Amino acid sequence: MLLSDVVTTSAAVGATRARREKTTALADLLRAAGPTEIVPVVAWLSGTPRQGRIGTGWRTLAAVDVPPADTPSWTVQQVDELLDELAGTSGQGSARRRRELLDRLYGTATADEQRFLHRLLTGELRQGALEGLMVDAVAAASGAGQAAVRRAFMLSGRLPETAATALAGGAEALAGIGLRVGRPIRPMLASPGDSLDAALAALGTEVTVEHKLDGARIQVHRTGDEIRVWTRTLREITAAVPEIVELTRALPCSAAVLDGETLALDDDGRPRAFQDTMSRFGTEADGDGDGGRDERGVLLSPFFFDLLHLDGHDLVDEPLETRLDLLAGLLEGDRQAPLRMPGVRRPSPEEAAAVLDGALDAGQEGVVVKDLAAPYAAGRRGKAWQKVKPVHTLDLVVLGAEWGYGRRTGSLSNIHLGARDPDGGEPVMVGKTFKGMTDELLAWQTETFPRYAREEEPGVLFLRPELVVEIALDGAQRSTRYPGGVALRFARVLRYRPDRTAADADSLDAVRALLSG
DNA sequence: GGGCGGTGCCC
DNA sequence: CTTGTGA
DNA sequence: TCACAAGGGGCACCGCCC
């Protein structure tokens, strides 16, 4: 199969908004692919090379300037091999070597192929189909049911390999893919709840309400004395978190798969800023024999909230209630008690509210409300788990706006936000946001902002600091980028405030008051 | 050896 | 990570 | 309801350059 076949399919997928048409086009290509081509083709058309992110981003690719070929010649296999080499290139002189490989890749590609490769390698396929629709396509092409593909994907953690299995052996082969301790599964996610009351109303009384911590998701596997740890995206971090490995080794079991969250605590047991937790991710190993505590004293504490396997028994199909019972049994001892995620089963509305208050008083992020009857549905952001976090709002000044990309091309989209200077100077920039904007609001911004223009740069329009916008946010974090030393976290537009002036906007002190940790 | 841009991945 | 959009 | 696209801040890592 040629790369150009994949590019043609991608174009067809991108040309329609109808999901059925997209999956049909994808499925047709999968049927035409050879057994060894399925893995790279599925990976590419779900938006990521088989090798993962390869270390060449938009900046490197923008520097590649070779004329396109007239006729397509790359095969899928050849490109996959070249990507392998690209991914394996490191050390001194690697930048030059990469440039050579990219020149070769692009120089033998047609213009259409160059554009496809560019989108693939920057991680912005933008064909309106990623893993979700590929699951449907694999089901269609293989004749296996969607549920079977979904389940195998969740348990194997990898769609390309799942697709190869499905196309080779159909539903029967998929049924052979089970949970394997030592191989991470896709984690179950929570959807955003509107409020605690709304979540309780939606899920009923057969629920548990647990603390939601501002840390990083971890999945911990144990077989005998071997322990491995993965993140939410199934990146292995075992070597970076020896303290989690040691705590898991002390559990009274021989095999387990645990799901949880980890974060850094201060000496009082209160959560540190998320940034401190994050400083421990991305470090491969620490190797200084101090059990993980680095020179800044950041130690990670794990909190487990689910159990997917215990001593030979798979639990993903069991109701949460059963999994929680077994988890409680595993973490029964005094020594293990600190590893339990705090929570209350079947709370009254008042008790549920008290759990939320307790979480916030303890400095945590909020709560998650979970249906006790639900099995572990990995990889789907269903309604069985709903997260509830308090929302803060601020009135901020619009300092500028950036021209959008993709479906926002031609619109002034991402806005720069400033807080009032308590000393009376110009507003101080504290962040940007592109969220919360309807098409109507984008049109309004695009029409209105030029009337406030003060200065223009490529891609950015700077405004006189007059427009006030009400912003929702989760909190603030310390910043070295912004002059006030603080930045907004998860800022989104609620509405513009034509009734307010920059003098009415919230001050930098109001932003600083939202700092956590 | 330190600064810096580019990249990937946490949220 | 959050939100708006469209099938 | 689901999947996707729009893009945010910060941190560690890496290679390159001074």
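Computed from a prediction, not measured in an experiment: that's the story for all the values here.

1. Let's talk about the domain arrangement of chain A
Consideration 1: Once the domains are mapped, chain A shows domain 1 (3-175), domain 2 (189-388) and domain 3 (392-512).
Consideration 2: Placing the centre of domain 1 and that of domain 2 at their C-alpha centroids yields a distance of 34 Å.
Consideration 3: Listed per partner, the contact involves five residues of domain 1 and seven residues of domain 2.
Consideration 4: Carbon and sulfur atoms make up 65% of the surface buried where domain 1 meets domain 2, a total of about 380 Å² over both sides.
Consideration 5: Ranking the residues of domain 1 by area buried against domain 2 places Arg150, Arg151 and Met154 at the top, with a combined share of 79%.
Consideration 6: At the junction of domain 1 with domain 2, the criterion picks out one salt bridge.
Consideration 7: Across the salt bridge formed by Asp317 and Arg151, the nearest N and O atoms sit 3.1 Å from each other.
Consideration 8: Taken together, the connections running from domain 1 to domain 2 amount to one residue pair in polar contact (both at pLDDT 80 or more).

2. Quick word on the packing of aromatic side chains
Consideration 1: Within the structure shown, the criterion is met by five aromatic pairs.
Consideration 2: Between the aromatic rings of Phe305 and Trp385, the centroid separation amounts to 6.0 Å while the plane-to-plane angle is 85 degrees, which identifies the pairing as edge-to-face. Residue Phe305 is located in strand E6 (residues 300-310), and its partner Trp385 is located in strand E10 (residues 385-388); the two are separated by 80 residues in the primary sequence.
Consideration 3: On the accessibility criterion, Trp385 (3% relative accessible area) is buried.
Consideration 4: Judged by centre distance (6.0 Å) and plane angle (75 degrees), the rings of Tyr376 and Trp385 are edge-to-face.
Consideration 5: Take Tyr376: its relative accessible area is 2%, and that puts it in the buried class.
Consideration 6: Seen from the ring of Trp385, Lys370 lies directly overhead, with NZ or CZ sitting 3.9 Å from the centre.

3. With respect to the layout of surface pockets
Consideration 1: By volume, the largest pocket is sized at about 1100 Å³.
Consideration 2: Taken together, 38 residues make up the lining of the largest pocket; nearest its centre are Lys212, Glu261, Glu365, Lys387 and Lys389.
Consideration 3: Here the lining of the largest pocket is composed, by residue class, of 17 nonpolar, five polar and 16 charged.
Consideration 4: Mapping the lining of the largest pocket onto the domain boundaries places at least three of its residues in each of domain 2 (189-388) and domain 3 (392-512).
Consideration 5: In this model, the second largest pocket occupies a volume close to 880 Å³.
Consideration 6: Lining the second largest pocket are 26 residues, and of these Glu131, Gly157, Arg158, Thr233 and Leu234 sit closest to its centre.
Consideration 7: Mapped onto the lining of the second largest pocket, the elements with two or more residues apiece are helix H3 (38-45) and helix H10 (159-175).
Consideration 8: Here the lining of the second largest pocket gets three residues from one element, more than from any other, and that element is H10.
Consideration 9: A breakdown of the residues in the lining of the second largest pocket according to their chemical character gives nine nonpolar, eight polar and nine charged.
Consideration 10: If you count residues domain by domain, the lining of the second largest pocket takes at least three from each of domain 1 (3-175) and domain 2 (189-388).

4. Digging into the protein's contact with DNA strand B
Consideration 1: Near DNA strand B, the surroundings consist of 19 residues, among which Gly57, Arg59, Thr60, Thr233 and Arg235 are the closest.
Consideration 2: Looking at DNA strand B alone, sugar and phosphate atoms form 95% of those within 4 Å of the protein.
Consideration 3: Backbone polar atom of Arg217 to a phosphate oxygen of DNA strand B: 2.8 Å apart, as the coordinates give it.
Consideration 4: Here a phosphate oxygen of DNA strand B sits 3.3 Å away from a polar atom, N or O, in the side chain of Thr231.
Consideration 5: Listing elements by their share of the surface near DNA strand B, those giving two or more residues are helix H4 (58-62), strand E3 (216-223) and helix H13 (274-278).
Consideration 6: Looking at the surface near DNA strand B, the element that brings in the most residues is H4, giving three residues.
Consideration 7: In terms of residue class, the surface near DNA strand B is made up of six nonpolar, seven polar and six charged.

5. Concerning the protein's contact with DNA strand C
Consideration 1: Taken together, 14 residues form the shell around DNA strand C, and within it Arg232, Lys387, Lys389, Asp439 and Arg492 come nearest.
Consideration 2: Backbone atoms, meaning sugar and phosphate, form 86% of the atoms of DNA strand C found within 4 Å of the protein.
Consideration 3: Residue Arg19 places a side-chain N or O atom 3.4 Å away from a base nitrogen belonging to DNA strand C.
Consideration 4: Residue classes in the surface near DNA strand C are distributed as three nonpolar, two polar and nine charged.

6. Brief notes about the UniProt feature "active site" (unreviewed entry) in chain A
Consideration 1: Per the UniProt record, "active site" (unreviewed entry) is annotated on Lys212.
Consideration 2: Its location among the elements puts Lys212 in strand E2 (residues 207-212).
Consideration 3: Excluding residues within four positions of it along the chain, Lys212 makes contact with Gln364, Glu365, Gly366, Val367, Val368, Lys387 and Lys389.
Consideration 4: There is a polar contact of 2.6 Å between the side chain of Lys212 and the side chain of Glu365.

7. As for the pattern of salt bridges
Consideration 1: Inspection of every chain in the model, using the stated rule, returns 39 salt bridges.
Consideration 2: Across the pair Asp80 and Arg50 runs a salt bridge, and its minimum N-O distance is 3.0 Å. Here the residue Asp80 occupies a position in helix H5 (residues 76-87), and Arg50 occupies one in the loop between H3 and H4, the gap between them amounting to 30 residues.
Consideration 3: For Asp80, a relative accessible area of 10% corresponds to the buried category.
Consideration 4: On the accessibility criterion, Arg50 (34% relative accessible area) is partly exposed.
Consideration 5: A salt bridge links Glu124 to Arg126; the shortest N-O distance between them is 2.6 Å.
Consideration 6: Residue classification places Glu124 among the partly exposed positions, given a relative accessible area of 39%.

Conventions and cut-offs
Residues numbered from 1 in each chain as written. Chains lettered and ligands numbered in written order. Predicted model: local features only at pLDDT ≥ 70, side-chain atom pairs only at ≥ 80, totals over all residues. Heavy atoms only, no water. Domains from an automatic or database assignment. Contact = heavy atoms within 4.5 Å. Buried area = accessible area lost by both parts, 1.4 Å probe. Salt bridge = Lys/Arg side-chain N within 4 Å of Asp/Glu carboxyl O. Polar contact = N/O pair within 3.5 Å; in protein donor to acceptor, adjacent residues only side chain to side chain. Phe/Tyr/Trp six-rings, centres within 6.5 Å; stacked < 30°, edge-to-face > 60°. Helix = DSSP H or I, 4+ residues; strand = E, 2+ residues; numbered from the N terminus. Buried < 20%, exposed > 50% of the residue type's maximum accessible area, 1.4 Å probe, protein only. Lys NZ or Arg CZ within 6 Å of the ring centre and 35° of its normal. 1 Å grid on protein atoms, 1.4 Å probe; cavity = no way out; pocket = protein on both sides within 12 Å on 5 of 7 lines; lining within 4 Å. Points joined across faces, edges and corners; volume = space filled by probe spheres on them. Nonpolar A, V, L, I, M, F, W, Y, C, P; charged D, E, K, R; others polar. Near = heavy atom within 4 Å. UniProt positions renumbered as here; feature names shortened; annotations may be inferred.

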